[in-house]
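Understanding the architecture of this molecule
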Amino acid sequence: PHSVHLLELHYCRSSSCWGTRVCFKDIFDHFNTNHTLVWHQIDGESNKWTDHPSFDPNNILKGCHWYSGKMTSTNGDVFALFARASRVHPHKKVLYVWMLFFGSTEEARNYSCRISVKNNFGNEFNYSGPVHTLEKTERVIVNSGFLLSIRLDAAKKLVNKRNNLKIMVTIQ
């Protein structure tokens, strides 16, 4: 059981629900009901997952964001991968990727993650560090610097022929 306050309201991170606030106790029902196309269980090894999200350069340039399906750890805790493309300067666009833990900040301190984006030619970008929680806004997470940050020009070179990224995640 999570020690996060069950009635605490959090913003849904999906663009289709922009501004919607959901009680923590209802967050999984919300995702299971409203985000069925993306909120599915991603199976993997023991605390290791690989996701292949679509990376459409036309949408990325508009500043879109996406999230993975549900990743459940060996002890039953739930995580999801989130990403945001942002224009940080008129000539600099960046892809930010971070791991979100569906629990309290105190519980999140027990975890760290490794996020790796790699293409078939061996080019790889990595992040190792803390996971984030629903208690933090996207802006706070991005401003913290504790996430994977890849310039969009480089990220475009990491996609396969079907415009998918290969993202590998490990929770420790």
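Details of the structure are given in the entry above.
The present account deals with the structure reproduced in this document.

Reading guide: rules and limits
Residues numbered from 1 in each chain as written. Predicted model: local features only at pLDDT ≥ 70, side-chain atom pairs only at ≥ 80, totals over all residues. Heavy atoms only, no water. Helix = DSSP H or I, 4+ residues; strand = E, 2+ residues; numbered from the N terminus. Buried < 20%, exposed > 50% of the residue type's maximum accessible area, 1.4 Å probe, protein only. Contact = heavy atoms within 4.5 Å. Areas by Shrake-Rupley, 256 points an atom, 1.4 Å probe, with all protein chains shown as cover. Core = buried A, V, L, I, M, F, W, Y, C linked by side-chain atoms within 4.5 Å.

**Here's the deal with the overall build of the protein chain**
- Looking only at helices and strands, the protein chain has five helices and twelve strands in total.
- Across the 172 residues of the protein chain, 45% fall into the buried class.
- Taking all contacts inside the protein chain whose residues are at least 6 apart in sequence as the whole, residues at least 24 apart take part in 57%.
- As displayed, the protein chain has an accessible area near 9300 Å², and 49% of this comes from carbon and sulfur atoms.

**Description of unusual backbone geometry**
- For Asn47, which is not glycine, the phi dihedral falls at a positive 60 degrees.
- Even without glycine at this site, Asn163 takes up a positive phi of about 60 degrees.
- Along the polypeptide, Asn163 turns up in the loop between α5 (152-156) and β12 (167-171).
- For Asn163, a relative accessible area of 31% puts it in the partly exposed group.

**Points about the nonpolar core**
- Ranked by internal contacts, the top residues of the largest apolar core, which has 28 residues, are Met99, Ile115, Val131 and Ile171.
- Residue assignment for this core shows that the elements contributing at least two residues are β6 (78-89), β7 (92-101), β8 (112-118), β11 (148-151), α5 and β12.
- The dominant element in this core, judged by the number of residues it contributes, is β7, at four residues.
- When near neighbours in sequence (up to four residues on either side) are disregarded, Met99 contacts Met71, Phe79, Ala80, Leu81, Cys113, Ile115, Val131, His132, Val169 and Ile171.
- By size, the runner-up hydrophobic cluster in this structure holds 13 residues, among which are Val78, Ala80, Phe82 and Val142.

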